[in-house]
Every structure is written in structure tokens, then in C-alpha cells.
Amino acid sequence: MTLGNGNGQHLVNRNGHGKTALPQFYFTIDCDWVPGSQVGLEMLLAFCDRTHLKGTIFFAGRFAEAYPHLVRDCHDRGHQLGTHGWAHGGLEDDEDFRVASYEQQRRWIRQATDAVEMAAGIRPVVFRAPNLSIGETTLRALEQEGYRYDSSVPARRFDMGFGRVHYLKYFWSPLEPYRPSGNDLTMPGESPLIEVPPSSCLFPINLATLRTLGLPMVQRMIRWIGRRSRHLVFYCHPSEFVYAKDQVFPDAMSKWNQKGMCPANLSILEAFLDYVLKHGYAPTQMMGITVRRLDSGQPIVLRAGSFQSDRTYREEGQR
Ligand SMILES: [Zn+2]
């Protein structure tokens, strides 16, 4: 493991969009409402302490309500706190932010925000939608609840039946953090929120992909993403580090996903982190990111070395 205080350059580049040549790595954890999975969060916190990694942790409100001491612990250890819906769909119906009414979405967001605030004494301003299911209405609801960051738009992702993202609406949205348009989340605009897309190369850069496709394939995906974006957003779930028999899952969760859940997944995570750091990524957190104002409709071209935006790439590909 290469990360540590001894290797300070990884730790000082907090949000250097435009300020640093190093690409940024965001370690994020989604705490869905899965009773029993809190043990996995404890393991992840110990892992982060050991590797001096600070992440952004998204809590379903019911998780925060059930385990307030863990939420507080995350904050005390220097992780940023966000919310992840109220019940996430949890053990009952799915919470779908793409189709729910504005009032319903505000209620879910408000309840989750209150639960995290009750637990840790700070009011979160970072959001990730359950199942990355988000719409323009969610943007308005988040704005009204005082949120400033979202990390839900699944750019370049299509799960082909394996995961939860089977729609193409957001496929060509930007890979770099951007301010979305209130009328169309896939376009840069004037929203007060900053969207930090969870990284994908068809499949998401997450632990389930690592478990299923293996590190060599994920390395190729990261190289593909690295040619198009200077931001790599990874996520995992506490439930993935606990045996399925010790947890209570929502009906909607696939049996396939439950199969590989075990504490040994920490080794996979460690190998992944090692690769990311050796390839020059600097761990950073979401709060504090700034983005340049982009004219909507204009191609996004960053001029850093051989880096090429995906939109430019796509236009060239069409010639
Ligand atoms: Zn989730």
C-alpha cells in the first residue's frame, strides 16, 4: 500500500481542479439500508484509517437513524458525509427519484438530512440517489434543501441487465464535474449544484465490478476513463464486506450480488487502491470541488497534456 502521510503529495491535493496536474480519486461509500451491513462500515473505516484514506460516505436516512454512533464516527475520522435517500427502497418498495413527485423527494431528502444531522451535528450538502436514479426534479429538490453537490448521473454506464442502470438517458452526460442545466441534467448549465459523475466505462467503477470482472479488466476501464476525464469516482457498499447470511436485504437486491459478499473483499479493495495510487491519482473529497463555468452547448475541451474530452473524442469518431 503506497498511500500514507509519508507520501504527502497524495494528500495535499484536495480539490485541485485546475490547480494540479494530478488526476483526482474519490473514494465513496454508499450505506444502503441493509441491517447487518453496519459491520462492513466498521471494517471500511478501519481500512481507511490504515491507508490514511479520506472518503465521502452517503447514508440512507434509515441507516443513519439506526446507527448514529457510526455516522458520528465517520465525521470524527475526517470523512465527508452525504445522504443517499431515506430508505433507499430498503426493505420495502424502491425509492425512485426519477419518478417520485417533487414533494415526495423533498420529504425523503429532508428526513435523511435530519437523520445525519442528528447523528453527527452537521448538515450534509452532498447527495447520491439510490440506484443512481435521478431526474431534473431531484435537482430542484436538492437545491431547495441546501445541497451543493450530487454524485448520481451515470455517464457512460449501461449495465446490460446485470446492475440497476438499464437506461441510456444519461449515457453521454459529462464525465468531468459540471454544473447541470435545470432543464436537462445531461447538459452543463447554471445549477448551483455541482454534479460529480460516478465513473463508468459501460460498467461502473465499483466493488461489484471488481469482484465480477477482476482487477485487470477494471485497470483497462480506468485507463479508458483516464484518457477522457481527470476524475475517478469509485464506490462500494458496507454490505459487500459481510457474509450475506448475516444481513437482511431488500427484495429488489439480486441474489447474484449477494453471492460474493465476504470480508475478503477488503483485499480486492486494497489491490485496487494500490493500483490507483501508483498510477498517480490523488485521493480527494467531494465538498470543495469547483468547476469552471462552461457554456452550455459548447464542447468541453481541457488542455492538459494528451488529455482529451470524451465529447471531442466522439465528434472525431463520427467523422
Ligand atoms: Zn445505494
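Residues numbered from 1 in each chain as written. Predicted model: local features only at pLDDT ≥ 70, side-chain atom pairs only at ≥ 80, totals over all residues. Heavy atoms only, no water.

1. Focus: the overall build of the chain
At step 1: Helices and strands together make up the secondary structure of the chain, namely 11 helices and 10 strands.
At step 2: Taken over 319 residues, the chain has a buried fraction of 58%.
At step 3: Nonlocal contacts in the chain, meaning residues at least 24 apart in sequence, comprise 71% of its contacts between residues at least 6 apart.
At step 4: In the structure as shown, the chain presents an accessible area of about 13400 Å², 52% of it carried by carbon and sulfur atoms. (Helix = DSSP H or I, 4+ residues; strand = E, 2+ residues; numbered from the N terminus. Buried < 20%, exposed > 50% of the residue type's maximum accessible area, 1.4 Å probe, protein only. Contact = heavy atoms within 4.5 Å. Areas by Shrake-Rupley, 256 points an atom, 1.4 Å probe, with all protein chains shown as cover.)

2. Let's talk about the confidence of the model for the chain
At step 1: Per-residue confidence for the chain averages 85 on the pLDDT scale, and 83% of its residues sit at or above 70.
At step 2: Confidence drops under pLDDT 50 across residues 1-19; counting only partners more than four residues distant or on other chains, this segment forms 46 contacts.
At step 3: Overall, residues 294-319 carries pLDDT values under 50, and its contacts beyond four positions in sequence, including any with other chains, amount to 41 contacts. (pLDDT = per-residue confidence, 0-100.)

3. So, the coordination of the zinc ion
At step 1: The coordination sphere of the zinc ion, as far as protein atoms go, consists of Asp32 (OD), His84 (NE2) and His88 (NE2), spread over 2.1 to 2.2 Å.
At step 2: Sequence positions of the residues that donate to the zinc ion give the spacing D-x51-H-x3-H. One end of the pair, Asp32, is in the loop between strand E1 (24-31) and helix H2 (38-51); the other, His84, is in the loop between strand E3 (80-83) and helix H5 (102-120), and 52 residues separate them in sequence. The exposure classification of Asp32 matches that of His84, with both residues buried. (Donors = N, O, S within 2.8 Å, 3.2 Å for Na, K, Ca; no water.)

4. Comments concerning the nonpolar core
Side chains of nonpolar character tend, in soluble globular proteins, to be buried together.
At step 1: Counting residues in hydrophobic clusters, the biggest one holds 66 residues, and the most contacted among them are Phe27, Phe59, Phe234 and Phe272.
At step 2: Tallying contributions element by element places helix H10 (residues 265-278) first for this core, with 7 residues.
At step 3: Residues in contact with Phe59, not counting those within four places in the same chain, are Cys31, Leu41, Ala64, Val71, Cys74, Leu81, Gly82, Thr83, His84, Gly85 and Val116.
At step 4: With 11 residues, the next largest nonpolar core counts Val196, Val233, Ile289 and Val291 among its residues. (Core = buried A, V, L, I, M, F, W, Y, C linked by side-chain atoms within 4.5 Å.)

5. Some thoughts on helix H8 (residues 215-226)
At step 1: Between its first and last C-alpha atoms H8 spans 16 Å; for 12 residues at 1.5 Å apiece the expected length is 16 Å, and the two agree.
At step 2: Residues Val218, Gln219, Met221, Ile222 and Ile225 constitute the buried set of H8. Angularly, the buried residues of H8 cover 160° about the axis, an arc narrow enough to put them on a single face. Across from the buried face of H8, at angles greater than 90 degrees, the exposed residues are Pro216 and Arg220.
At step 3: Looking at the packing, one finds that the buried side of H8 touches strand E7 (200-201), strand E8 (203-204), helix H7 (207-213), strand E9 (231-236) and H10. (Expected span 1.5 Å × (residues − 1). Arc of directions from axis to C-beta.)

6. Considerations on the side chain of His237
At step 1: Along the polypeptide, His237 turns up in the loop between E9 and helix H9 (255-259).
At step 2: Leaving out residues up to four positions away in the same chain, His237 has contacts with Asp30, Asp32 and Leu44.

7. Some details on the packing of helix H4 (residues 68-76) against H5
At step 1: As a packed pair, H4 and H5 sit with axes 8 Å apart at the nearest point and diverge in direction by 75°. Relative to H5, the element H4 is oriented roughly perpendicular. Only Val116, Ala119 and Ala120 of H5 make contact with H4, whose side of the interface consists of Pro68, Val71, Arg72 and His75.
At step 2: Tallied by class, the residues present in the contact of H4 with H5 amount to 5 nonpolar, 1 polar and 1 charged. (Axes fitted to C-alpha atoms, helices over the stretch in contact; angles between N-to-C directions. Parallel < 35°, antiparallel > 145°, perpendicular 65-115°, else oblique. Nonpolar A, V, L, I, M, F, W, Y, C, P; charged D, E, K, R; others polar.)

8. Brief notes about the packing of aromatic side chains
At step 1: As enumerated under the stated definition, the model contains 11 aromatic pairs in all.
At step 2: Relative to Trp108, the ring of Phe97 lies with its centre 5.1 Å away and its plane at 55°, an arrangement referred to as tilted. Taken together, the residues Phe97 in the loop between E3 and H5 and Trp108 in helix H5 connect sequence positions 11 residues apart. Per residue, the accessibility class of Phe97 equals that of Trp108, and both read buried.
At step 3: Ring centres of Phe127 and Tyr147 lie 6.2 Å apart, and the angle between their planes is 90°; on these two criteria the pair is classed as edge-to-face. With Phe127 in strand E4 (residues 126-127) and Tyr147 in the loop between helix H6 (136-144) and strand E5 (149-150), this pair connects stretches of sequence that are 20 residues apart. Grouping residues by exposure puts Phe127 and Tyr147 together as buried.
At step 4: Following the ring pairs from residue to residue traces out a cluster consisting of Phe25, Phe27, Phe47, Phe234 and Phe272. (Phe/Tyr/Trp six-rings, centres within 6.5 Å; stacked < 30°, edge-to-face > 60°.)

9. Points about the side chain of Ser229
At step 1: Assignment of secondary structure puts Ser229 in the loop between H8 and E9.
At step 2: Judged by its relative accessible area of 1%, Ser229 falls in the buried class.
At step 3: Reaching out from Ser229, the side chain makes a polar contact with the backbone nitrogen of His231 at a distance of 3.0 Å. (Polar contact = N/O pair within 3.5 Å; in protein donor to acceptor, adjacent residues only side chain to side chain.)

10. A word on the pattern of salt bridges
At step 1: Across all of its chains, the model carries 13 salt bridges by this definition.
At step 2: Where Glu117 meets Arg123, a salt bridge forms, and the shortest distance between an N and an O atom there is 2.5 Å.
At step 3: Lys278 is the partner of Asp274 in a salt bridge, and the nearest nitrogen-oxygen pair spans 3.5 Å. One end of the pair is Asp274 and the other is Lys278, both in helix H10 and 4 residues apart, which spans about a single turn.
At step 4: Judged by its relative accessible area of 17%, Asp274 is buried.
At step 5: Through salt bridges with shared partners, a single ionic network connects Asp49, Asp73 and Arg77. (Salt bridge = Lys/Arg side-chain N within 4 Å of Asp/Glu carboxyl O.)

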